[in-house]
2 protein chains.
Amino acid sequence: MKVSFVGIGLMNGSLSLDLQHLYPDAVMQGISRKEATLKRAFDLGLIHQTGDLHQLQDADWVFVSIPVEAIAHLLPQILDAVGEKTLVIDFGSTKSAICQAVKNHPKRDQFLAAHPIAGTEHSGPDAAVSELYKGKTIMLCETALTHDALLDRAEKLFGQLGMIIRRMDPVEHDKHIAYVSHLSHITSFMLGKTVLEKETDEQNIFDMAGSGFASTVRLAKSSPEMWMPIFAQNKQNVLETLDEYIRNMNAFKEKLAADAHEELLAEMKEINKIKTILEHK
Amino acid sequence: MKVSFVGIGLMNGSLSLDLQHLYPDAVMQGISRKEATLKRAFDLGLIHQTGDLHQLQDADWVFVSIPVEAIAHLLPQILDAVGEKTLVIDFGSTKSAICQAVKNHPKRDQFLAAHPIAGTEHSGPDAAVSELYKGKTIMLCETALTHDALLDRAEKLFGQLGMIIRRMDPVEHDKHIAYVSHLSHITSFMLGKTVLEKETDEQNIFDMAGSGFASTVRLAKSSPEMWMPIFAQNKQNVLETLDEYIRNMNAFKEKLAADAHEELLAEMKEINKIKTILEHK
């Protein structure tokens with residue numbers, strides 16, 4: 001079995017660790033624009049060989065985990081290069097533009113659009129960890145456009161990784177994910193920005209920031225190279241979430257300014273409901 | 001040794017566990033308006049006896065961990081009731097109004113204003129955990145107004161709990177803590193609200209919310225009864241953080257709408273700096 005990884009950082013690196021555990025004889029090929037990334041991935045044992053986008057003919061799997069605008073851009077030429085038995089899967093956090101990019105490709109049925117709801121705020125080969133995907137949901141889009149046998153193969157593999165499969169239309173996916181993922185990255189980045197601008201004495205952040213702040217600002221450590229393209233590609237949905245979030249934030253501010261304590265208390269109690277939803281996970 | 005706890009939830013409950021470990025013979029007295037809380041604290045072994053605010057004469061320590069407006073309100077009568085050897089310490093997340101409330105009290109030197117930078121999003125006696133305070137910072141305010149011998153006793157105890165002591169003016173404390181703690185609670189509550197309003201199908205939150213969302217929204221599980229009074233008591237500082245945060249959020253939205261990708265990328269890279277500050281902790 002040969003697995004080609006286009007991009008070999010947190011997502012594909014973690015996947016390689018699990019696949020090597022499942023398939024000890026598999027050959028892992030790494031493809032990246034960055035020499036240093038390939039070298040590091042090799043040293044960490046995430047890949048056995050390097051290659052380029054013209055060397056995909058004999059790959060059983062091609063996993064594409066790079067910034068989403070690069071996925072949309074490169075996917076057609078990746079499909080051009082693959083052999084008959086190859087299945088190409090992308091792990092981008094947006095799905096509409098990516099599906100659109102290969103909509104009319106003659107090998108569309110050798111592609112599966114996927115979004116694993118897994119990750120950490122870290123990036124690069126050193127961020128790779130075993131069992132990143134275990135117990136996590138993977139969203140699959142436009143599964144009817146993927147060849148049945150290849151889709152079966154993919155679903156079997158995701159099952160072996162311990163993932164929970166859910167199917168969703170790419171337009172729906174991008175709308176919902178803007179709320180439950182993209183928005184929280186932006187609120188976190190803006191929290192980091194606001195605190196950094198004000199607390200010019202880093203010692204105060206260091207001393208006074210508790211685990212609550214650390215948790216809320218964690219996503220502000222995420223890779224801008226990965227996340228800026230996600231916001232750009234999902235622009236309309238993200239702008240809508242920002243409008244609603246800012247409206248809620250302004251309303252909260254006005255209530256606080258007006259000493260509307262009972263209203264704020266009732267509102268916060270209502271929001272506490274998120275506890276029940278998340279803790280059932 | 002007799003320790004009186006005014007309020008016996010997460011903060012005082014956790015403290016009781018550590019104090020019982022350090023001083024196995026100490027008697028722990030619980031005081032609360034809520035019968036059910038006292039009963040539960042007793043059943044969990046957090047307290048040995050119950051009492052009321054008139055039974056503080058023989059206490060060596062009185063720890064006050066209740067909503068901040070209740071601290072400011074009750075602190076004068078708590079000081080009225082204590083004996084000569086008693087030290088009263090509050091654990092409120094705001095310090096100015098609390099210090100102000102006992103400024104001219106004849107027993108002012110038997111009070112120490114403290115804010116341990118420790119906690120979780122959970123509340124009540126069941127939230128109590130051992131070693132909550134270990135390795136955490138405790139901010140002490142107006143230490144010059146506390147009797148030297150009592151201050152020494154407190155600092156020794158905080159040392160035994162493994163805490164790092166830092167002194168700060170209460171007005172400064174409230175200004176900084178608005179940024180590194182109060183703001184993040186509000187951003188988290190508003191994130192929870194925005195998602196709950198939009199995702200009326202809870203299954204979507206359940207399936208699509210990853211660890212990133214869970215981390216960013218974690219503080220929205222916090223007790224409204226504890227947090228609403230904190231925002232109210234630190235109103236001016238909190239409103240200022242909200243203004244700056246909303247300004248940053250609007251600017252981000254406008255840049256995204258205008259496709260100012262290079263600017264957004266540069267901004268996010270700058271914010272990544274929070275990583276270095278937090279990871280040095």
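Since the model is a prediction, treat every value here as computed from it, not as a measurement. (Residues numbered from 1 in each chain as written. Chains lettered and ligands numbered in written order. Predicted model: local features only at pLDDT ≥ 70, side-chain atom pairs only at ≥ 80, totals over all residues. Heavy atoms only, no water.)

Caption draft 1: Representation of the overall build of chain A. When its secondary structure is counted, chain A shows 12 helices and eight strands. Rg of the C-alpha trace for chain A: 21 Å, near the compact-globule value of 19 Å for 281 residues, within the 12% margin. The principal-axis extent of the C-alpha atoms belonging to chain A is close to 65 × 40 × 35 Å. Burial analysis of chain A (281 residues in total) assigns 60% to the buried set. In chain A, the proportion of contacts linking residues at least 24 apart, taken out of those at least 6 apart, comes to 75%. (Helix = DSSP H or I, 4+ residues; strand = E, 2+ residues; numbered from the N terminus. Rg over C-alpha atoms; globule rule 2.2 N^0.38 Å. Buried < 20%, exposed > 50% of the residue type's maximum accessible area, 1.4 Å probe, protein only. Contact = heavy atoms within 4.5 Å.)

Caption draft 2: Region of interest: the packing of aromatic side chains. Within the structure shown, the criterion is met by 13 aromatic pairs over all chains. The interplanar angle of 40 degrees and the centroid separation of 5.8 Å between the aromatic rings of B:W227 and B:F231 together place this pair among those described as tilted. Of this pair, B:W227 and B:F231 are both found in helix α9 (residues 224–233), four residues apart, which corresponds to roughly one turn of the helix. The exposure class of B:F231 is buried, given its relative accessible area of 0%. Through successive ring pairs, a cluster of aromatic residues spans A:F5, A:W61, A:F63, A:F91 and A:Y133. Above the plane of the ring of A:W61 lies A:R153, whose end atom (NZ or CZ) is 4.8 Å from the centre. (Phe/Tyr/Trp six-rings, centres within 6.5 Å; stacked < 30°, edge-to-face > 60°. Lys NZ or Arg CZ within 6 Å of the ring centre and 35° of its normal.)

Caption draft 3: Layout of the interface of chain A and chain B. On the side of chain B, 90 residues touch chain A, which itself brings 90 residues to the contact. For the chain A and chain B pair, buried surface summed over both sides reaches about 9,000 Å², with 69% attributable to carbon and sulfur atoms. Between B:K198 and A:E240 there is a salt bridge; the shortest N-O distance is 3.1 Å. Counting across the chain A and chain B interface gives 30 residue pairs in polar contact (both at pLDDT 80 or more). Secondary structure elements with two or more residues in the side of chain A that touches chain B: β7 (137–141), α6 (170–198), α7 (202–208), α8 (211–217), α9 (224–233), α10 (235–257), α11 (261–271) and α12 (274–279) of chain A. With 20 residues, α6(A) is the largest single contributor of residues to the side of chain A that touches chain B. (Buried area = accessible area lost by both parts, 1.4 Å probe. Salt bridge = Lys/Arg side-chain N within 4 Å of Asp/Glu carboxyl O. Polar contact = N/O pair within 3.5 Å; in protein donor to acceptor, adjacent residues only side chain to side chain.)

Caption draft 4: How the structure looks around the environment of A:A154. Residue and element names in this part refer to chain A. Tracing the chain through its elements places A154 in helix α5 (residues 148–160). Residue A154 is classed as buried on the basis of its relative accessible area of 0%. Separated by 66 residues in sequence, A154 and V88 place their C-alpha atoms 9.8 Å apart. With near-sequence residues (within four places) excluded, A154 lies in contact with W61, L87, I89 and L112.

Caption draft 5: Quick look at the environment of A:Y179. Considering the arrangement of structural elements, one finds A:Y179 in helix α6. For A:Y179, a relative accessible area of 1% gives the class buried. C-alpha of A:Y179 to C-alpha of A:E240: the two residues are 61 residues apart in sequence and 9.2 Å apart in space. Excluding anything up to four places from it in sequence, A:Y179 contacts A:S184, A:E240, A:T241, A:E244, B:T194, B:V195, B:K198 and B:E199.

Caption draft 6: Just unusual backbone geometry, in detail. Residues and elements named next belong to chain A. Positive phi is not limited to glycine here, since D259 has a value of about 55 degrees. Structurally, D259 is set in the loop between α10 and α11. The partly exposed category is assigned to D259, whose relative accessible area is 43%.

Caption draft 7: Expanded view of the relation of the copies chain A and chain B. Overlay of chain A on chain B (RMSD 0.0 Å): rotation 180 degrees, translation along the axis 0.0 Å. In the structure described here, the two chain copies are related by an operation that fits a two-fold rotation axis. Closest approach to the rotation axis among the C-alpha atoms of chain A is made by A:T216, whose C-alpha sits 2.1 Å away. Both copies contact each other with a shared surface, as 100% of the interface residues of chain A are interface residues in chain B too. (Least-squares fit on C-alpha atoms with pLDDT ≥ 70 in both.)

Caption draft 8: Region of interest: the pattern of salt bridges. In the structure shown here, the tally under the stated rule is 38 salt bridges over all chains. For B:K193, the salt bridge goes to B:E197, with nearest N and O atoms at 3.4 Å. On the criterion of helical spacing, the pair formed by B:K193 and B:E197 is a turn pair, its members being four residues apart in helix α6 (residues 170–198). Sharing partners across several salt bridges, the network here consists of A:K193, A:E197, B:K255 and B:E267.

Caption draft 9: Molecular detail of the packing of α10(A) against helix α10 (residues 235–257) of chain B. Where α10(A) meets α10(B), the closest approach of the two axes is 10 Å, and the angle between their N-to-C directions is 160 degrees. Comparing the axis directions of α10(A) and α10(B) gives the class roughly antiparallel. Handedness of the crossing formed by α10(A) with α10(B): left-handed. Taken together, the residues that form the contact of α10(A) with α10(B) break down as 18 nonpolar, two polar and six charged. (Axes fitted to C-alpha atoms, helices over the stretch in contact; angles between N-to-C directions. Parallel < 35°, antiparallel > 145°, perpendicular 65-115°, else oblique. Left-handed = near helix turned anticlockwise from the far one by under 90°. Nonpolar A, V, L, I, M, F, W, Y, C, P; charged D, E, K, R; others polar.)

Caption draft 10: Here's a closer look at the sheet that holds strand β2 (residues 27–31) of chain A. Residue and element names in this part refer to chain A. Reading across the sheet, the eight strands line up as β3-β2-β1-β4-β5-β6-β7-β8 and stay open at both edges, with mixed pairing between neighbours. Only two strands of the sheet have a single partner each, and these edge strands are β3 (49–50) and β8 (164–167). For strand β5 (residues 87–90) and strand β6 (residues 111–116), the ladder comprises three bridges, and the chain directions are parallel. Paired with D90 across the strands is A113, a residue of β6. (Pairing = 2+ DSSP bridges.)

Caption draft 11: How the structure looks around the confidence of the model for chain A. With 99% of its residues at a pLDDT of 70 or more, chain A shows a mean pLDDT of 96. Quick note on the complex model: pTM equals 0.92, ipTM equals 0.92. (pLDDT = per-residue confidence, 0-100.)

Caption draft 12: Spatial organisation of the side chain of A:H115. All names here are of chain A. Structurally, H115 is set in strand β6. By relative accessible area, which is 6% here, H115 ends up buried. Look past the residues within four positions of H115 in its chain and what remains in contact with it is F91, G92, S93, K95, T137, I138, M139, H173 and I177.

Caption draft 13: Up close: the domain arrangement of chain A. All names here are of chain A. Split into domains, chain A comes out as domain 1 (2–168) and domain 2 (172–279). In this complex, domain 1 contributes 20 residues to the contact, which on the side of domain 2 involves 16 residues. There are two salt bridges connecting domain 1 and domain 2. The shortest N-O distance in the salt bridge between E121 and K221 comes to 3.9 Å. Elements represented by at least two residues in the side of domain 1 that touches domain 2 include exactly α3 (68–81), α4 (96–101) and β7. Among the residues making up the side of domain 1 that touches domain 2, the classes are represented as 10 nonpolar, seven polar and three charged. (Domains from an automatic or database assignment.)

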